[in-house]
Amino acid sequence: MSVHADVPEGDVLVRLPADLLIPMDGAQWDSSGDDLVIVRHDGRASTVQRELAGALVAVYNATRKVEWARAVLPGPALGDRADVVELIRTLRPGFATHGVSVADAFVQTRVLRWSPSAGASAGDQGRYLMPVIDLINHHERGAPWGRADSELAINAAYPMGGSQCFVRYSARQDPLDLALSYGFAESSCTLARSVPVTVDVDDLGTVEVVGQRLQTKTVLDPPTVAIDDDRLRLSHVTFDTRHPNRLMGMLQLAVSAFLAKQPRTGGRGEAADLTTALIGVLVESNLDRLEEVRLELVREGVGGATGTVSRAIDQQQRLLRTFADVGGYHPSQRAHERE
Amino acid sequence: VNGDRILVRHADVLEAEVDGQRVLMSPKDYAYFGLVDTGAIVWDRIDGETSLDELVVALAAEYDTDPERVRSDVGEFVSALDAAGLLAER
């Protein structure tokens with residue numbers, strides 16, 4: 001499905017009043033064969049919202065979404081493949097398949113966390129289905145979610161150059177995030193998050209990237225930093241191909257703090273060199289780890305969920321190489337992945 | 001925040017400019033702390049010799065702003081610096 005328009009870029013494409021958003025927190029969905037069915041509406045849903053939910057279900061069923069989710073959406077599709085799930089978890093520790101029905105997993109790909117009240121905290125946001133807007137596909141440079149008074153507003157964005165409109169489902173997601181969450185391998189991503197990896201850098205020591213997923217409030221995407229006697233631990237590292245210097249600046253502070261705990265070394269100039277070496281070996285280690293998993297997944301076949309994830313890994317590797325080239329980060333002899 | 005307090009930066013705070021944004025790193029827990037707008041102005045004037053009251057008076061005069069509002073904003077910022085471990089006792 002896709003949406004095409006001739007609205008000038010940047011002008012409002014859709015304004016959806018809050019009372020047309022379909023509340024989902026109390027709803028219950030299931031599948032019957034290859035059809036999605038609403039077992040129970042959210043108690044707050046109005047008659048109009050229930051009718052809109054029924055219309056969306058009709059669209060989902062006409063386009064065989066349950067069948068697609070069962071085969072391609074990694075959560076439900078890999079639920080009985082513990083070996084593959086464990087393999088993917090080496091890249092994304094939070095990847096989970098248990099306890100989620102195909103219906104819930106599919107509906108989760110369509111909901112927006114939102115609040116009619118501007119400035120509401122994340123905890124006060126509810127989950128909503130979005131009539132009409134639901135049909136717009138994702139693109140990294142698509143329109144962000146907007147707000148006009150208490151309405152959900154989407155501006156027209158044509159990042160592919162034609163008449164197809166795109167929206168950005170979620171900021172700062174990489175190809176693996178999108179593949180695991182939404183079931184598609186996306187080529188428009190501009191950043192890649194590091195997989196869990198531990199490396200050694202001469203004159204610095206051991207650095208571990210845990211690979212957590214944190215909701216960052218700033219574009220600098222600061223990791224949580226912990227320093228033990230012999231180890232620098234970073235919650236996450238993001239390789240942003242458009243802003244490679246951000247990672248350098250943020251990691252250099254962490255490396256400087258780590259060096260300050262080690263009297264044998266020091267000096268900001270050295271911190272810069274060591275940070276460059278560190279980023280280079282992190283890129284290389286990510287490429288190696290991703291390739292190991294990609295080869296395992298390709299053995300499973302190029303279709304279905306494993307095919308989607310392996311194509312996402314391919315995109316992830318492309319982004320890492322771009323990041324290294326743009327930023328001039330290449331592994332040096334002083335750094336290597338820890339066995 | 002006590003107006004007589006002499007504001008002193010913690011000696012081990014790390015500072016960098018990252019992609020045009022000023023960032024501090026706390027020596028307490030290695031948390032990043034972004035400096036924007038008035039926060040950056042206040043941080044630049046923390047010299048280990050100026051009291052909070054003196055800072056408020058200077059900023060209110062320089063920016064032609066109500067001193068009580070400046071006191072509130074600066075006090076809030078100083079509390080955040082304290083919580084982040086970015087200030088030291090004199």
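First things first, this report covers the structure right here in the doc.

Conventions we followed
Residues numbered from 1 in each chain as written. Chains lettered and ligands numbered in written order. Predicted model: local features only at pLDDT ≥ 70, side-chain atom pairs only at ≥ 80, totals over all residues. Heavy atoms only, no water. Pairing = 2+ DSSP bridges. Helix = DSSP H or I, 4+ residues; strand = E, 2+ residues; numbered from the N terminus. Contact = heavy atoms within 4.5 Å. Buried area = accessible area lost by both parts, 1.4 Å probe. Salt bridge = Lys/Arg side-chain N within 4 Å of Asp/Glu carboxyl O. Polar contact = N/O pair within 3.5 Å; in protein donor to acceptor, adjacent residues only side chain to side chain. Nonpolar A, V, L, I, M, F, W, Y, C, P; charged D, E, K, R; others polar.

We now examine the pairing of strand 9 (residues 151-155) of chain A. Residues and elements named next belong to chain A. The sheet contact formed by strand 1 (residues 12-16) and strand 9 spans 4 bridges and is antiparallel. Directly across from R15, in strand 9, lies its bridge partner A153. The sheet contact formed by strand 8 (residues 146-148) and strand 9 spans 3 bridges and is antiparallel. When the bridges of strand 9 are listed, G146 appears paired with A153.

Counting from both sides, the interface comprises 11 residues of chain B and, opposite them, 18 residues of chain A. Summing both sides of the interface, chain B and chain A together bury roughly 1,200 Å²; the carbon and sulfur share of this comes to 67%. On the chain B side of the interface with chain A, the three residues burying the most area are D19, Y30 and Y32 of chain B, jointly 50% of the side's total. At the boundary of chain B and chain A, one finds 1 salt bridge. In this structure, R246 of chain A engages D19 of chain B in a salt bridge whose closest nitrogen and oxygen atoms are separated by 2.5 Å. On the surface where chain B and chain A come into contact, there are 3 residue pairs in polar contact (both at pLDDT 80 or more). The greatest single-element share of the side of chain B that touches chain A, amounting to 4 residues, is contributed by strand 2 (residues 14-18) of chain B. Split into classes, the residues belonging to the side of chain B that touches chain A amount to 7 nonpolar, 1 polar and 3 charged.

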